[in-house]
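Inside the fold
In case you want the letters, here they are:
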Amino acid sequence: VHTTDFPGNYPGYEDAWDQRRFEEAFRVDVIREEEDTLEFDMVGIDAAIANAFRRILLAEVPTMAVEKVFVYNNTSIVQDEILAHRLGLIPIRADPRLFEYRNQGDQEGTEIDTLQFQLKIKCKRNPQASKESSDPDELYFNHKVYSKHMTWVPLGNQTDLFPDADFRPVHDDILIALLRPGQEIDVLMHCVKGIGKDHAKFSPVATASYRLLPDITLLQPIEDEAAETLQKCFSPGVIEIQNINGKKVARVANARLDTFSREVFRHEGLKNLVRLARVRNHYIFSVESTGILPPDVLVSEAIKILMGKCQRFLNELDSVSME
């Protein structure tokens, strides 16, 4: 993630800042949107705003996660503390906007601030298994404890509050523990609302990063073998070769795909023919959700939080000026 490193910090890179200093008005362009990933451009902002937005995504957008684990029985080889830690890191598909923050010191929890899950499973032998078999999947029942074994236990009137809710782990195939015959796990979990600043388990994103838009300029025509060498110096798709009047001529096809390699400067015949820079007010953001909320919702919530911070700051300035 490029937060404080700018073109001037990298030998071989010139600064595109002077040419395009906030020439473009602020805008957001969505480039690619999938189920759990979102790539978009923020153009016309300062680095401080871009980094504030990234940090809010990481640490201040709330989610629901397991906070308390009540262990009634655990005869597995996984210690209680490790088991609780693993359960806490399982992303829970529950919209945090439906819940309140739990009051500090509240041990019980209520229907408006707590989700309750139960994990109760016991491993048994399969009486029909072949005697020659050594496959645990054939010899035992329930020897693998997965996140799909966690079941939602409504608190209070949650059944009425959330009639269509499907509170469950985001992924069903997260392995929690391995059991052998006679071993069992019986725990009750309380999920509460929190933010990544307090604990990483509340962070709603797997990754939230940005980079500056590359700016590649060919200072003079590059042809034939030099064009082919230039193409190999960059990521696929950055440089393309066109056939013009029987000559192979290189051109910049898509600078966005460049990974800021300086390979071109290792070639004496090319290093003075190419200028590499980065557009200082054009940020390419990549947001990957853990699946708790769609990435577009996370971006929207982060913007609301940033707006709230700005408003609080303005209110404090107003109160100071009035004094």
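A brief structural summary. (Residues numbered from 1 in each chain as written. Predicted model: local features only at pLDDT ≥ 70, side-chain atom pairs only at ≥ 80, totals over all residues. Heavy atoms only, no water.)

Mapped onto the elements of the fold, Ser-286 is located in strand β17 (residues 274–289). Taking relative accessible area as the criterion, Ser-286 reaches 30% and is therefore assigned partly exposed. C-alpha of Ser-286 to C-alpha of Thr-75: the two residues are 211 residues apart in sequence and 43 Å apart in space. (Helix = DSSP H or I, 4+ residues; strand = E, 2+ residues; numbered from the N terminus. Buried < 20%, exposed > 50% of the residue type's maximum accessible area, 1.4 Å probe, protein only.)

A cluster of nonpolar residues, Phe-313, Leu-314 and Leu-317, forms a patch on the protein surface that exposes about 300 Å² of accessible area. Tracing the backbone through its elements, the reader meets Leu-317 in helix α6 (residues 295–322). Among the residues examined, Leu-317 registers a relative accessible area of 44% and is labelled partly exposed. (Patch = residues over 30% accessible without salt bridge, like charges linked within 9 Å, V, L, I, M, F, W, Y side chains within 5 Å. Areas by Shrake-Rupley, 256 points an atom, 1.4 Å probe, with all protein chains shown as cover. Salt bridge = Lys/Arg side-chain N within 4 Å of Asp/Glu carboxyl O.)

Despite not being glycine, Asn-142 shows a phi value in the positive range, around 60°. Mapped onto the elements of the fold, Asn-142 is located in the loop between β8 (140–141) and β9 (144–146). When its relative accessible area of 39% is taken as the criterion, Asn-142 is described as partly exposed. The phi torsion at Asp-224 lies on the positive side, around 55°, for a residue other than glycine. As for its position among the elements, Asp-224 is in helix α5 (residues 224–232).

Another point: the pairing of strand β13 (residues 184–194). Counting buried residues in β13 gives eleven out of eleven residues, a clear majority hidden from the surface. In the sheet, strand β4 (residues 63–74) pairs with β13 via ten bridges, with the strands oriented antiparallel. If you follow Val-71 over to β13, its bridge partner there is Val-187. Sheet topology note: the strand β6 (residues 115–122)/β13 ladder contains eight bridges and is antiparallel. (Pairing = 2+ DSSP bridges.)

To continue, consider the pattern of salt bridges. Across all of its chains, the model carries 17 salt bridges by this definition. One salt bridge connects Arg-256 with Asp-41, and the closest N-O pair in it is separated by 2.6 Å. In this pair, Arg-256 is assigned in the loop between β16 (247–252) and β17 and Asp-41 in strand β3 (residues 37–43), connecting sequence segments 215 residues apart. Summarising the burial analysis for this pair, Arg-256 and Asp-41 share the class buried. Close ionic contact of Glu-67 with Lys-201 constitutes a salt bridge, the shortest N to O distance being 3.0 Å. Linking Glu-67 in strand β4 with Lys-201 in the loop between β13 and β14 (205–218), this pair joins segments that are 134 residues apart in sequence. For Lys-201, a relative accessible area of 16% puts it in the buried group. One continuous salt-bridge network, built from bridges that share partners, spans Arg-32, Glu-34, Glu-39, Asp-41 and Arg-256.

Remark: helix α1 (residues 47–59) packs on α6, axes separated minimally by 9 Å, with the N-to-C direction vectors making an angle of 115°. Our pair here, α1 against α6, has a crossing hand that is right-handed. Residue-level contacts link Ile-49, Ala-52, Phe-53, Ile-56 and Leu-57 of α1 to Leu-298, Val-299, Ala-302, Ile-303, Ile-305, Leu-306 and Lys-309 of α6. The residue inventory of the contact of α1 with α6, partitioned by class, reads eleven nonpolar, no polar and one charged. (Axes fitted to C-alpha atoms, helices over the stretch in contact; angles between N-to-C directions. Left-handed = near helix turned anticlockwise from the far one by under 90°. Contact = heavy atoms within 4.5 Å. Nonpolar A, V, L, I, M, F, W, Y, C, P; charged D, E, K, R; others polar.)

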